[in-house]
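In case you want the letters, here they are:
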Amino acid sequence: MRRIFSVLVALSALATMLTLVVTAAPAGSTPSYCGLVWGSLPESNPVGTTAALTDIRSGRHECFDRLVFDLSGPVSGYHVGYVDRVTMDGSGAPVPLRGGAFLSVAVYAPAYDSSGNSTYHPTDRAELTGVTGYNTFRQVAWAGSFEGQTTVGLGVRARLPFRVFTLDGPGSGSRVVLDVAHYW
């Protein structure tokens, strides 16, 4: 009986150690979904440009929804972050958005040329790009272009991880890209 008890105690200790080893995460690790290790804190790149915004488009991917800002020249800076409400550039009026959380997306590029002519012509400022059926995006709405900065409100399903980066091309143009994960 004593021997059985000793074996049971040893097996219990071994099971506990294995559980700790299997479930322990490396120091500094972040939970991930689809291998994504993004966060939900604001992201910024303070570099501005005189290149104008020419288009805003969106796409669906397996693990995230994507919003792309096309520029007519060299890449620009940006500031993206979750806010309680998105406001219009210049006036500060609230931008109505659908969703459980809201991202204010400022691209440091104007939506007009050096003569003040518009370079981006949305059909519907409340629905810049159709996002019906997207996993995360609920609405993309215009918030203005003022003093060389263009702002868009992005309504999303919930406060989810995101990343922002820039790409050169096509041609002499460039892009600011925002990806928002479907889940944590």
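Residues numbered from 1 in each chain as written. Predicted model: local features only at pLDDT ≥ 70, side-chain atom pairs only at ≥ 80, totals over all residues. Heavy atoms only, no water.

Of regular secondary structure, the protein possesses 1 helix and 9 strands. For the protein, the sequential pattern of α-helices and β-strands runs α-β-β-β-β-β-β-β-β-β. For the protein, buried positions account for 41% of its 184 residues. Across the protein, contacts joining residues at least 24 apart in sequence account for 66% of those joining residues at least 6 apart. For the protein, the accessible surface area stands at approximately 10200 Å², while carbon and sulfur atoms represent 57% of it. (Helix = DSSP H or I, 4+ residues; strand = E, 2+ residues; numbered from the N terminus. Buried < 20%, exposed > 50% of the residue type's maximum accessible area, 1.4 Å probe, protein only. Contact = heavy atoms within 4.5 Å. Areas by Shrake-Rupley, 256 points an atom, 1.4 Å probe, with all protein chains shown as cover.)

With that settled, consider the pattern of salt bridges. Under the definition given, this model contains 4 salt bridges. The network of salt bridges with shared partners includes Arg66, Arg163 and Asp179. (Salt bridge = Lys/Arg side-chain N within 4 Å of Asp/Glu carboxyl O.)

Tracing the chain through its elements places threonine 129 in the loop between β5 (101-107) and β6 (137-146). Among the polar contacts listed, one links the side chain of threonine 129 to the side chain of serine 58, at a separation of 2.9 Å. For threonine 129, the contacting residues outside a window of four places in its chain are Ile56, Arg57, Ser58, Leu67 and Val140. (Polar contact = N/O pair within 3.5 Å; in protein donor to acceptor, adjacent residues only side chain to side chain.)

Turning next to the nonpolar core. Membership of the largest hydrophobic core comes to 31 residues, with the highest contact counts inside it found for Phe69, Leu103, Leu154, Leu178 and Val180. Elements that contribute at least two residues to this core include exactly β2 (53-60), β3 (64-71), β4 (78-83), β5, β6, β7 (149-156), β8 (162-168) and β9 (174-181). For leucine 178, the contacting residues outside a window of four places in its chain are Asp65, Arg66, Leu67, Val80, Leu103, Val105, Leu154, Phe162, Arg163 and Val164. If you look at the next biggest cluster of nonpolar residues, it comprises 6 residues, including Val86, Val95, Leu97 and Phe102. (Core = buried A, V, L, I, M, F, W, Y, C linked by side-chain atoms within 4.5 Å.)

Further remarks concern the pairing of β8. As paired elements, β8 and β9 share 7 bridges and run antiparallel to each other. If you follow valine 164 over to β9, its bridge partner there is leucine 178. Counted between consecutive antiparallel strands, the loop separating β8 from β9 contains 5 residues, among which glycine 169 sits at a positive phi close to 90°. (Pairing = 2+ DSSP bridges.)

Attention now moves to the confidence of the model for the protein. When the pLDDT values of the protein are averaged, the result is 86; 82% of them are 70 or greater. Contacts from residues 7-11, a stretch scored under 50 in pLDDT, to residues over four places away or in other chains number 0 contacts. In this model residues 13-30 is a low-confidence stretch, pLDDT under 50, and it forms 2 contacts with partners more than four residues away in sequence or in other chains. (pLDDT = per-residue confidence, 0-100.)

Counting buried positions along β6 yields 7 of 10 residues, so the element is predominantly enclosed. Bridge analysis of β6 against β7 gives 8 bridges, and the strand direction is antiparallel. The residue of β7 that forms the bridge with phenylalanine 146 is glutamine 149. Hairpin connection, β6 to β7: the antiparallel pair is bridged by 2 residues, and glutamate 147 has positive phi, about 50°.

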